[in-house]
Amino acid sequence: MKQLFSAFVCLAYLSSGSTASKHVADGMRGFEGNTPRSHDIQRFMKNQVQTSNFTDGAALKKMRENRAKDVRDGFQRAWKAYRKYAFGADEINPLTLEPLTTRNGWGATLIDSLDTIYIMGLEDEFKEATEKVRSINFDKNDGEPSKVFETNIRYIGGLLSAYELSNDRMFLKQATALADIMLEAFDTPTGIPWQMWDVQTGTGSSETGPATLNNLAEIGTYQLEFFRLSQHTRDPAYHKAAQRVYDVLLDRNDPKKGTSYSVPGLYPIFLDIKSGKFLTGKPNLGGGSDSFYEYLIKTWALSGFRLQRNLDMWNESLKAIKKFIVSKGSDKRLYMGIGDDEGLDSISDTFTAFFPGTLALASRLLNDDETFDLAHNLLVSSYNTFSRMPTHIGPENFGFLPDGDDDSDLLRSQRAEIKKYGFYLDRPYYLMRPEVIESIFYFYRITGDEKYADWIWEIWQGIKANCEVDGGFAGVRDVR
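Everything in this summary refers to the structure shown in the same document.

## As for the sheet that holds strand β13 (residues 397-399)
The antiparallel open sheet is built from three strands, whose spatial order is β12-β13-β14. What marks the edges here is a single partner per strand, and that holds for β12 (347-349) and β14 (424-427). The average undirected angle you get between the axes of adjacent strands in this sheet is 35 degrees. As defined by bridge partners, β12 adjoins β13 across three bridges and the pair is classed as antiparallel. Bridged to serine 348 within β13 is phenylalanine 398.

## So, the packing of helix α11 (residues 223-233) against helix α13 (residues 290-302)
When two helices pack together, their arrangement is given by the angle between the helix axes and by the axis-to-axis distance. One way to put it is that α11 packs onto α13 with a least axis distance of 9 Å and a crossing angle of 15 degrees. Between α11 and α13, the interaxial angle falls into the category roughly parallel. The chirality of how α11 crosses α13 is right-handed. Together, Gln223, Leu224, Glu225, Phe227, Arg228 and Gln231 of α11 and Tyr295, Lys298, Thr299 and Leu302 of α13 make up the contact between the two elements.

## As for the sheet that holds strand β5 (residues 203-205)
Strand order in this open sheet of three strands is β3-β4-β5, and the pairing throughout is antiparallel. Single-partner strands in this sheet number two, and they are β3 (146-147) and β5.

## Quick notes on a nonpolar patch on the surface
Taken together, Tyr118, Ile119 and Leu165 make up a surface patch of nonpolar side chains, about 280 Å² in accessible area. Tracing the backbone shows isoleucine 119 in helix α6 (residues 114-119).

## Brief notes about the packing of aromatic side chains
One pass over the full model with this rule turns up 36 aromatic pairs. Aromatic side chains tryptophan 79 and tyrosine 82 sit 5.1 Å apart centroid to centroid with 45 degrees between the ring planes, which places their arrangement in the tilted category. Separated by three residues within a single helix, tryptophan 79 and tyrosine 82 lie in helix α4 (residues 58-86), roughly one turn from each other. On the accessibility criterion, tryptophan 79 (6% relative accessible area) is buried. In this structure tyrosine 82 comes out as buried when scored by relative accessible area, which is 2%. Ring centres of phenylalanine 226 and tyrosine 238 lie 6.3 Å apart, and the angle between their planes is 80 degrees; this geometry places the pair in the edge-to-face category. With a gap of 12 residues between them, phenylalanine 226 in helix α11 and tyrosine 238 in helix α12 (residues 237-252) connect regions that are remote in the sequence. In this pair, the class of phenylalanine 226 matches that of tyrosine 238, namely buried. Through a chain of ring-to-ring contacts, the aromatic side chains of Tyr246, Tyr261, Tyr267, Phe278, Phe292 and Tyr293 assemble into a single cluster. If you follow arginine 43 out to its NZ or CZ, it ends over the ring of phenylalanine 44, 4.7 Å from the centre.

## Topic: the environment of threonine 447
Secondary-structure assignment places threonine 447 in helix α18 (residues 435-447). Classification of threonine 447 by relative accessible area gives partly exposed; the value is 25%. A C-alpha to C-alpha distance of 8.6 Å links threonine 447 and serine 52, two positions 395 residues apart in sequence. Dropping the residues within four chain positions of it, threonine 447 is found in contact with Thr51, Asn53, Phe372 and Tyr452.

Conventions used here
- Residues numbered from 1 in each chain as written.
- Predicted model: local features only at pLDDT ≥ 70, side-chain atom pairs only at ≥ 80, totals over all residues.
- Heavy atoms only, no water.
- Pairing = 2+ DSSP bridges.
- Helix = DSSP H or I, 4+ residues; strand = E, 2+ residues; numbered from the N terminus.
- Axes fitted to C-alpha atoms, helices over the stretch in contact; angles between N-to-C directions.
- Parallel < 35°, antiparallel > 145°, perpendicular 65-115°, else oblique.
- Left-handed = near helix turned anticlockwise from the far one by under 90°.
- Contact = heavy atoms within 4.5 Å.
- Patch = residues over 30% accessible without salt bridge, like charges linked within 9 Å, V, L, I, M, F, W, Y side chains within 5 Å.
- Areas by Shrake-Rupley, 256 points an atom, 1.4 Å probe, with all protein chains shown as cover.
- Salt bridge = Lys/Arg side-chain N within 4 Å of Asp/Glu carboxyl O.
- Phe/Tyr/Trp six-rings, centres within 6.5 Å; stacked < 30°, edge-to-face > 60°.
- Buried < 20%, exposed > 50% of the residue type's maximum accessible area, 1.4 Å probe, protein only.
- Lys NZ or Arg CZ within 6 Å of the ring centre and 35° of its normal.

Okay, structure coming up:
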């Protein structure tokens, strides 16, 4: 239990008076102005996340070792191609073997893989990657703007993970240097960051649409890494910048029926960073929204359960998600659609598959069995989109028929797939998305039930059979 629990929970330097600030204090106050009570914190810390009830036995141990070796071998084959053809580049095109610059040119794949390399015990590969990271100058890039939130999750997150695993302070130094540069992207009228940022010119922009457009996920996916960086450096500046996003969202937007933001806790996708106001985009748990909700509960846990506002926001959102997003399909399974108080669009994407795992984690942190049951039901439907395919890998987007609804508006092919699978494929391609595997892993570690390990193994076999190429792994056009 300790290992998984400590991955999310530690006492924060920020809780001490020496680092208190307005925005840190705001994060520790809930909707009613309340701060976390010490006996509540102690109660949360006693809740068990990871089970101690894993099945033992020589045969099972041998099978686990063999499976681990198979996955490690797959990684090493992909890493060998990256090292040979694109070492230090952001990516490798696995089909043409060409190096690609997609995220500033600092080596996104290399840094994002550091923790995996370390955990797999690949000492030579880790040593070589470490020396490459040591030489990176984050003041220079490829001359193109890049997504700020991608820079955070790939680079800063990867560097922090490598630091915590290896205790090599070079990684923390590099993470801090990059974060200091990226803080410039938060220098906007509201403090909400630009979507795109050019580190050489110091200018911000939007990926598409108006220059000051951003989305929910890309403004709400800093809080975890920035909080952790503030803990390690004892500098609250990073946490303050990330929490400022919540300040503005809550201060500048009031839910009002008939508007894009009509249900408390169900946030529209798009907003304007200049005004801090929501614009459009029906609420959902998929791409453009997903990690905003994930970071609410995980940052609360990482704070040692002290960021009361995070917990209040999570609870408010979860209440609305249960009412307006979760829907029973015609196959009696529970799905996650796109919805608010004006109705549900019964379409979903593979990004939503993160939610069952996050929900299961939250249920254990809060000792909430009812929510754990909901998480499991959502996991089953998410896994089903993979297991029902002959390839054992799932589609990018899929649709479902809400229980009791008429199917006359659906195409004949869609009706046929609902009858066959319980859902229909909207975008049938697979782009190596890991969310469903992540959620199944959570359930394995929380319950110790070996069936979840078997589910992951089945998906891994599908990935190997359909996606592995000379340069690593590539997506497929149709999973059917």
